[in-house]
Amino acid sequence: MREKKKENRGGTRVLPADQLSLFCTEMVMLLRSGQTVFDGIRARAAMDAKNGKAPKGSVFSLLAQYTTEGCSLGEAMEKTKVFPADFTGLVQIGEESGSLEEVLDALAAHYRRDSETAAEIRSALRYPILTLCMMAVILGILTREVFPVFTRIYESLGGGLPQTAAASIAMGSVCAKAVAVLAGVLLLMMVIGWALGRSVWGMKLLSGIRAHLPFFGRLNARIAAARTADSLAIMLQAGYDI
């Protein structure tokens, strides 16, 4: 457990939205099977151990360990350090109000929508970046391989390139360099964003940066408003007095 604590202090990565949705779905299925939440967690941890899926470090094995020590489900989730604070808070509300199954079901739907929204945003950003990269490759081939061939052909005929052709080639070379630089910068930003997204502090840093960008700032504000509305709806569904 000492190694786990050191990893947490270094910034354990919080589970992404799709895995949180899957976790909630599994928990709802366990509860609907007639088991108590603690028996269901222990059974799921035993299944992981039987299948050899990192029994000492899996989420269910950690939850089984902490709940065996006397923690509630919400407290056990906090100790694992892999669940968001708002997630564990809503789970605790579900435990206190006796509507844990309904809260987990609502959380599964919430994080499923969150995952789908994030996937759509990534897809929308990936297309123009890939297009720029393809343009950079095509323009690079034209300026380095094709245009010099035309230049040599004109020189072999005893003349030079017409002014319009020379200007077009020069303009193409400038555009190729500009597109290559832009594509390189965007790819570098994607790599940095991917690296930062693998840690808690990196995700917080990315959120702070996106909040100050014109387009992403408005988008994040709308996503935050939707998440707040979902959280309030889940609290009301659980019978909590807000």
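See the structure above.
Residues numbered from 1 in each chain as written. Predicted model: local features only at pLDDT ≥ 70, side-chain atom pairs only at ≥ 80, totals over all residues. Heavy atoms only, no water.

J.: Would you mind going over helix α4 (residues 59-68) with me for this structure?
T.: An α-helical turn contains 3.6 residues, so any two residues separated by three or four positions project in the same direction. Burial within α4 is extensive, with eight of its 10 residues counted as buried. All of the buried residues in α4 are Val59, Phe60, Ser61, Leu62, Leu63, Ala64, Tyr66 and Thr67. Phi turns positive one or two residues past the end of α4, at glycine 70, with a value near 110°. (Buried < 20%, exposed > 50% of the residue type's maximum accessible area, 1.4 Å probe, protein only. Helix = DSSP H or I, 4+ residues; strand = E, 2+ residues; numbered from the N terminus.)

J.: Please explain the pattern of salt bridges as it appears in this structure.
T.: If charged atoms from side chains of opposite charge come close, those side chains can pair. Within this structure, the stated rule accounts for four salt bridges. Put simply, arginine 32 and aspartate 105 hold a salt bridge, and the shortest N to O gap is 3.2 Å. Of this pair, arginine 32 sits in helix α2 (residues 17-32) while aspartate 105 is found in helix α7 (residues 100-156), placing the two residues 73 residues apart along the sequence. Connected through salt bridges with shared partners, the residues Arg32, Glu101 and Asp105 form a single ionic network. (Salt bridge = Lys/Arg side-chain N within 4 Å of Asp/Glu carboxyl O.)

J.: Quick question: what am I supposed to make of the packing of helix α6 (residues 85-97) against α7 here?
T.: For any two helices packed against each other, the geometry is given by the interaxial angle and the distance between the axes. Here α6 crosses α7 at 155°, and the two axes come no closer than 8 Å. One element, α6, and the other, α7, form an angle in the roughly antiparallel class. Relative to α7, α6 is oriented so that their crossing is right-handed. For the pair formed by α6 and α7, the contact residues are Asp86, Phe87, Leu90, Val91, Gly94 and Glu95 on the first element and Leu100, Val103, Leu104, Leu107 and Tyr111 on the second. Its residues placed into classes, the contact of α6 with α7 shows eight nonpolar, one polar and two charged. (Axes fitted to C-alpha atoms, helices over the stretch in contact; angles between N-to-C directions. Parallel < 35°, antiparallel > 145°, perpendicular 65-115°, else oblique. Left-handed = near helix turned anticlockwise from the far one by under 90°. Contact = heavy atoms within 4.5 Å. Nonpolar A, V, L, I, M, F, W, Y, C, P; charged D, E, K, R; others polar.)

J.: Which parts of the structure should I look at to understand the packing of aromatic side chains?
T.: In this description, a pair of aromatic rings is defined by centroid distance and the angle of the planes. The final tally for this structure, using the stated rule, is five aromatic pairs. Ring pairs connect the aromatic residues Phe23, Phe60, Phe83, Phe87 and Tyr111, which therefore count as one cluster. (Phe/Tyr/Trp six-rings, centres within 6.5 Å; stacked < 30°, edge-to-face > 60°.)

J.: What should I look at first to understand α2 in this one?
T.: If you check α2, its first and last C-alpha atoms are 22 Å apart, about what 16 residues at 1.5 Å a residue would give, namely 22 Å. What α2 keeps buried is the set Ala17, Leu20, Ser21, Phe23, Cys24, Glu26, Met27, Val28, Leu30 and Leu31. The secondary structure elements touched by the buried residues of α2 are α3 (37-51), α4, α5 (73-80), α6 and α7. (Expected span 1.5 Å × (residues − 1).)

J.: Looking at this model, I keep getting lost on the packing of α2 against α4. Mind explaining?
T.: Between α2 and α4, whose axes approach to 12 Å, the crossing angle comes to 55°. Taken as axis vectors, α2 and α4 run oblique relative to one another. The interaxial crossing formed by α2 with α4 has right-handed handedness. Counted together, Phe23, Glu26 and Met27 of α2 and Val59, Phe60 and Leu63 of α4 form the full contact between these two elements.

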